[in-house]
Amino acid sequence: MADQSEDEIRERLKTALWFSIGKIVDEESMRRNTNATPQFIGALTDMVWSQIENVAIDLESFSRHANRTTVTTDDVLLLARRNQDLHSIVKDIVDKEKTRKIRAKAKGKGRA
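Residue positions within a chain follow its written sequence, with the count starting from 1. Per-residue local features are limited, in this predicted model, to residues with pLDDT of at least 70; the limit for side-chain atom pairs, both in listing and counting, is 80 or more; totals at the level of whole chains, interfaces and linings are taken over all residues. Calculation of side-chain values draws on the structure's entire complement of heavy atoms; hydrogens and water are dropped beforehand.

**Quick look at the overall build of the protein**
- Numbered from the N terminus, helices here are DSSP runs of H or I no shorter than four residues, and strands are runs of E no shorter than two. Scanning the protein for helices and strands turns up four helices and zero strands.
- Listed by position from the N terminus, the elements making up the protein come as α-α-α-α.
- For 112 residues, the compact-globule estimate of 2.2 N^0.38 gives 13 Å, and the C-alpha radius of gyration of the protein, at 19 Å, exceeds that figure by more than 25%.
- Counting the 112 residues in the protein, one finds 14% classified as buried.
- Put simply, of all contacts in the protein between residues at least 6 apart along the chain, 29% involve residues at least 24 apart. In this setup the radius of gyration rests on C-alpha atoms only. A globule is expected at 2.2 Å times the number of residues raised to 0.38. Each residue's exposure class comes from its accessible area (1.4 Å probe, protein chains only) as a fraction of the maximum for that residue type: buried when under 20%, exposed when over 50%, partly exposed otherwise. By definition in these notes, contact holds between two residues if any of their heavy atoms fall within 4.5 Å.

If you want it as structure tokens, here you go:
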């Protein structure tokens, strides 16, 4: 993968996204007894790709503003701040993961 150009990698990622979205659309179409055209799947893929690019830019900007080179969960929570339901879901997941890590660390110290 080191010798692939950035454009080739981008195309492979976009193709993988198109395939995944196509599978989801096909499953939902079958479940709802409807049809989706390849043009719809292509348009949906383009829309999702644009959203992913925007999210990536925002996350990088948040981490850079905090003088960090790594995106953290704080950046993701900041990104989700305008959608209260999404923010709550992400916050719950982050909190549960932090609690799990604290318990695992405490459990490991108890053995020593």
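**Regarding the packing of helix 1 (residues 6–32) against helix 2 (residues 38–65)**
- Fitted lines through C-alpha atoms give the axes, limited to the stretch in contact for helices. The angle between two N-to-C directions lies from 0 to 180 degrees. Axis separation between helix 1 and helix 2 bottoms out at 9 Å; the angle between their running directions is 125°. By the criterion of interaxial angle, the relationship of helix 1 to helix 2 is oblique. Viewed along their axes, helix 1 and helix 2 form a crossing whose handedness is right-handed. Residue-level contacts link Arg10, Leu13, Lys14, Leu17, Trp18, Ile21, Gly22, Val25 and Asp26 of helix 1 to Phe40, Ile41, Gly42, Leu44, Thr45, Asp46, Val48, Trp49, Ile52 and Glu53 of helix 2. Reported orientations rely on four angle classes, namely roughly parallel under 35 degrees, roughly antiparallel over 145, roughly perpendicular from 65 to 115, and oblique for the rest. Left-handed describes a crossing whose near helix is turned anticlockwise from the far helix by less than a right angle; the clockwise case is right-handed.

**Quick look at helix 2**
- To estimate how far a helix should reach, multiply one less than its number of residues by 1.5 Å. In this model helix 2 runs 40 Å from its N-terminal to its C-terminal C-alpha over 28 residues, within 8% of the 40 Å that 1.5 Å per residue would give.
- The set of residues buried in helix 2 consists of Ile41, Gly42, Thr45, Trp49, Leu59 and Ser63.
- Looking at the buried residues of helix 2, the elements they touch are helix 1 and helix 3 (73–79).
- Positive phi appears at Asn67, one or two residues downstream of helix 2, with a value of about 60°.

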